[in-house]
Amino acid sequence: MNIVCLSSVEDPDFIEAGRLKEKLSTADSNYNYRIISGLDKNNDRDCVLLNYVPVGSYPDYKKMILNTKRWKKDERKNSYNIGFINITGLKYVSLTINYILKLNIILRHTQEKVYVVCYDLYLPFLLAVNYLKKRNYNLISCLIVPAFPEHVMRNSLKERIKGKLSKMIMKEAEKYDCFVFLTKQMKEKIRTENYTVVEGIIPDEYKHLPIIKKAKDENSEFSIVYTGRLDRIFHIDLLIDAVKRIEKYKVELILCGHGDLVEEIKGICSLDTRIRYRGFLNAAELSDLQRNADILINTRFPEGEYTKYSFPSKTMEYLASGTPVLMYELPGIPEEYAPYLNYLKGKTAEAIQFEIERMINGCISGNAIIKAQNAKRYVAQHKDSAAQGKKVFD
């Protein structure tokens, strides 16, 4: 099958050192790349990538013109990082034109059907594919929808503009032939029966890592780890207060990532040695931390419409680590995960404290560890890139 992916994957070869204002988000990039890997494993040839590296517009990324370069992140052939004019507004126009030109070359040189898989509701992708689809009956379009524009929780000018373009984006999205949704509730927004759900994919490197957890003595130190956005909207402040209240057990809270609470967290760390901030970790460091923790936690509340369309990316990494997972029951999480997750109940520091202490009891008895081991086996078998990629391929 001839598959072309309009992707949005971070590629260090495309980014010039010193020009990037802040680190790119890895969650979207990782999910996108794992889907591509899954398609490769189910096809008789690798996907061709026409990739957009999502750097911020000038001056956030200190370069106005980015030229098209060959893809070098892996060994696939005939793939490119697409260039563009890096100025707000002109970026959309230049990307749309460049994608039309590159895709048209591919379409002109084959008599086969070309399956174009686009990642995210990104307007240049949508416009380019729909323009060419009117002129080429061999083009079959598939859209991967990880989020809706009105639910992207950032305050940048770019995201506010994207929110205002939401109606246009959705109108273009509905013209696609088939869809990959993050949650089944997404069909409420894009009414179609031609879809599959891929809520997440475990990292390949997690799949064969040995299970290292054992029950611990009640006098041991228990590490609680949170990795991801450190924003007040995810109630990290309540998590910190909950850990401060624990007196029955010796605990430490390790926080990793970026967000609007980082400076406040650093101040708390200087006053309470049980709270530690590790900054932004690479994939190997993150895997090691998650596997060696006693509890992995996520304090995102099940509130707001967006939670129906959300499956936090860290959930899959957490489950694949073999470490007990404590989080709220979000509406977007399928019921199949209930046997493997431990759900928080109340929305206060006291309630979070109670559930953490309950989880520590489970680590002492071994029950929480058995549950975590079962979770690791389940996602390794059913949620790796080959299994999830097959759902998209089929």
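Note that the structure is a prediction, hence the values are computed from the model and not measured.

Visitor: Before we go on, may I ask you to explain the overall build of the protein chain in this structure?
Guide: A count of helices and strands for the protein chain gives 13 helices and 16 strands. Relative to the compact-globule value of 21 Å for 394 residues, the protein chain shows a C-alpha radius of gyration of 22 Å, a close match. Once the C-alpha set of the protein chain is aligned to its principal axes, its extents read approximately 70 × 40 × 40 Å. Taken over 394 residues, the protein chain has a buried fraction of 55%. Sequence separation of at least 24 residues holds for 74% of the intrachain contacts in the protein chain that already meet a minimum separation of 6. Working note: accessible area of the protein chain is about 18100 Å², and carbon and sulfur atoms make up 51% of it.

Visitor: Can you help me understand the pairing of strand β2 (residues 48–51) in this one?
Guide: Here β2 shows a buried face lined by V48 and L50 and a second buried face lined by L49 and N51. Sheet topology note: the strand β1 (residues 2–7)/β2 ladder contains 4 bridges and is parallel. Within the sheet, the bridge partner assigned to V4 lies in β2 and is V48. By the bridge criterion, 2 bridges tie β2 to strand β5 (residues 80–81) in an arrangement that is parallel. Opposite N51, over in β5, you have N81 as the bridge partner.

Visitor: Teacher, can you tell me more about the environment of C118 here?
Guide: In this structure, C118 sits in strand β7 (residues 114–119). The exposure class assigned to C118 is buried, which follows from its relative accessible area of 0%. Residues C118 and L165, 47 residues apart in the sequence, show an inter-C-alpha distance of 18 Å.

Visitor: Sorry, what's going on with the pairing of strand β12 (residues 250–256) here?
Guide: Counting buried residues in β12 gives 6 out of 7 residues, a clear majority hidden from the surface. Looking at chain direction, strand β11 (residues 221–227) and β12 are connected through 7 bridges and run parallel. Among the inter-strand pairings, F222 is bridged to a residue of β12, identified as V251. Handedness of the crossover is the feature at issue here: the chain leaves β11, passes through helix α7 (residues 236–245), returns alongside β12, and the resulting connection is right-handed. Direction of pairing for β12 relative to strand β13 (residues 275–279): parallel, over a ladder of 4 bridges. Bridge pairing links C256 to G279 in β13.

Visitor: Quick question: what am I supposed to make of the environment of D288 here?
Guide: Here D288 is to be found in helix α9 (residues 283–292). Owing to a relative accessible area of 44%, D288 belongs among the partly exposed residues under this scheme. Residues D288 and Y33 lie 255 residues apart in sequence; the distance between their C-alpha atoms is 21 Å.

Visitor: Just checking my understanding: could you explain the sheet that holds strand β16 (residues 342–343) for this structure?
Guide: Think of a sheet as strands paired side by side through backbone hydrogen bonds, with each pair either parallel or antiparallel. An order of β13-β12-β11-β14-β15-β16 is seen for the 6 strands of this open sheet, with the pairing classed as parallel. The sheet is open, and its two borders are formed by β13 and β16, each paired with just one other strand. Direction of pairing for β11 relative to strand β14 (residues 295–298): parallel, over a ladder of 2 bridges. If you follow V225 over to β14, its bridge partner there is L296. Strands in contact with α9 are β11, β12, β13 and β14; relative to β11, the strand with the most contacts, it is inclined by about 140 degrees.

Visitor: I'm lost on the packing of aromatic side chains in this one. Help?
Guide: In this description, an aromatic ring pair is defined by two values, namely the gap between the centres and the angle between the planes. Scanning the model with the defined rule gives 15 aromatic pairs in all. Relative to F84, the ring of Y52 has its centre 5.5 Å away and its plane inclined at 70 degrees; by these criteria the two rings are edge-to-face. Note that Y52 is positioned in the loop between β2 and β3 (65–66) and F84 in strand β6 (residues 84–85), a separation of 32 residues in sequence. The same class applies to Y52 and to F84, which are both buried. Taken together, the aromatic side chains of Y52, F84, Y92, Y99, Y122 and F125 make up a single cluster linked through ring pairs. Positioned above the aromatic ring of Y33 is the side chain of K73, whose terminal nitrogen or guanidinium carbon lies 5.5 Å from the ring centre.

Visitor: In this structure, what is going on with the sheet that holds strand β9 (residues 178–181)? I would like to understand it.
Guide: If you walk across this open sheet you meet the 8 strands as β4-β5-β2-β1-β7-β8-β9-β10, and the pairing is mixed. Taken across any chain shown, the strands that pair with only one partner, and hence form the sheet edges, are β4 (69–70) and β10 (195–197). By the bridge criterion, 4 bridges tie strand β8 (residues 139–145) to β9 in an arrangement that is parallel. The residue bridging V145 from the neighbouring strand is F181, located in β9. Set on the sheet, helix α2 (residues 90–108) makes contact with β1, β2, β5, β7 and β8; between it and β2 the angle comes to about 165 degrees.

Visitor: Please explain the pattern of salt bridges as it appears in this structure.
Guide: Pairs can form between side chains of opposite charge once their charged atoms are near each other. Under the definition given, this model contains 26 salt bridges. Among the ionic pairs, R34 bridges to E317, the shortest N-O distance being 3.7 Å. With R34 in helix α1 (residues 26–42) and E317 in helix α10 (residues 313–321), this pair connects stretches of sequence that are 283 residues apart. Overall, the relative accessible area of 12% leaves E317 in the buried class. Across the pair K390 and D394 runs a salt bridge whose closest N-O atoms are separated by 2.7 Å. Relative accessible area serves as the criterion here: at 43%, K390 is assigned to the partly exposed category.

The rules behind the values
Residues numbered from 1 in each chain as written. Predicted model: local features only at pLDDT ≥ 70, side-chain atom pairs only at ≥ 80, totals over all residues. Heavy atoms only, no water. Helix = DSSP H or I, 4+ residues; strand = E, 2+ residues; numbered from the N terminus. Rg over C-alpha atoms; globule rule 2.2 N^0.38 Å. Buried < 20%, exposed > 50% of the residue type's maximum accessible area, 1.4 Å probe, protein only. Contact = heavy atoms within 4.5 Å. Areas by Shrake-Rupley, 256 points an atom, 1.4 Å probe, with all protein chains shown as cover. Pairing = 2+ DSSP bridges. Right-handed = clockwise from strand over helix to strand, strands pointing away. Axes fitted to C-alpha atoms, helices over the stretch in contact; angles between N-to-C directions. Phe/Tyr/Trp six-rings, centres within 6.5 Å; stacked < 30°, edge-to-face > 60°. Lys NZ or Arg CZ within 6 Å of the ring centre and 35° of its normal. Salt bridge = Lys/Arg side-chain N within 4 Å of Asp/Glu carboxyl O.

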